[in-house]
Amino acid sequence: MRFPMILAAAFTALAATTASAAPASYELRLEGHVPVICRVSLDATTASSAEPSDLGRMTEFCNSASGYEVRLTHAQGLNDAAVYVDGQKIQLSSTGVTLISRSSTAASQSHSLRLDPGADAGQVGDLSVNITAL
């Protein structure tokens with residue numbers, strides 16, 4: 001009986017010595033550098049520029065901590081054409097480039113797009129989407 005008590009006392013003393021020798025706190029610093037990757041895609045293949053039509057789903061991804069912007073490129077000089085992003089109307093710019101989505105942080109999102117050429121029917125031209133990290 002005496003041997004287990006002596007062994008327990010020795011273990012307790014050893015644990016107390018080890019615990020008092022350890023620092024009060026630890027710091028682990030992990031640092032890495034990840035390249036900024038931004039992608040946008042539109043699943044529509046064709047759409048009519050003469051009448052309102054669905055453009056399909058636009059999927060955007062960007063890991064930029066500062067965020068990103070998605071722009072729709074189209075013909076210049078439009079006055080009445082609009083695109084609907086998730087049901088919200090965005091008038092197309094006469095400059096030929098229109099901001100259609102923006103995020104102030106990194107994000108991955110999907111939106112429904114619909115084109116309404118309005119009085120500019122047949123003048124919208126080719127459409128493309130571009131994403132830019134901020």
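For clarity, every value in this text was computed on a predicted model and none was experimentally measured.

Visitor: Help me understand the pairing of strand β5 (residues 88-91) in this model?
Guide: Taken residue by residue, a regular strand's side chains alternate between the two faces of the sheet. In this structure, strand β4 (residues 82-85) lies alongside β5, joined through four bridges in antiparallel fashion. Pairing of Tyr84 across the sheet is with Lys89, part of β5.

Visitor: Just checking my understanding: could you explain the state of the cysteines for this structure?
Guide: Note: disulfide means a covalent bond formed between the sulfur atoms of two cysteine side chains. Counted according to the given criterion, the structure contains one disulfide. Put simply, Cys38 and Cys62 are joined by a disulfide, and their sulfur atoms are 1.9 Å apart. Linking Cys38 in strand β1 (residues 38-42) with Cys62 in strand β2 (residues 53-62), this pair joins segments that are 24 residues apart in sequence.

Visitor: Hey, could you run me through unusual backbone geometry in this one?
Guide: For residues other than glycine, phi is negative in most cases, and the peptide bonds are mostly trans. One non-glycine residue, Asp86, adopts positive backbone phi at about 50 degrees. Tracing the backbone shows Asp86 in the loop between β4 and β5. Residue classification places Asp86 among the partly exposed positions, given a relative accessible area of 43%.

Conventions used here
- Residues numbered from 1 in each chain as written.
- Predicted model: local features only at pLDDT ≥ 70, side-chain atom pairs only at ≥ 80, totals over all residues.
- Heavy atoms only, no water.
- Pairing = 2+ DSSP bridges.
- Helix = DSSP H or I, 4+ residues; strand = E, 2+ residues; numbered from the N terminus.
- Disulfide = S-S within 2.5 Å.
- Buried < 20%, exposed > 50% of the residue type's maximum accessible area, 1.4 Å probe, protein only.

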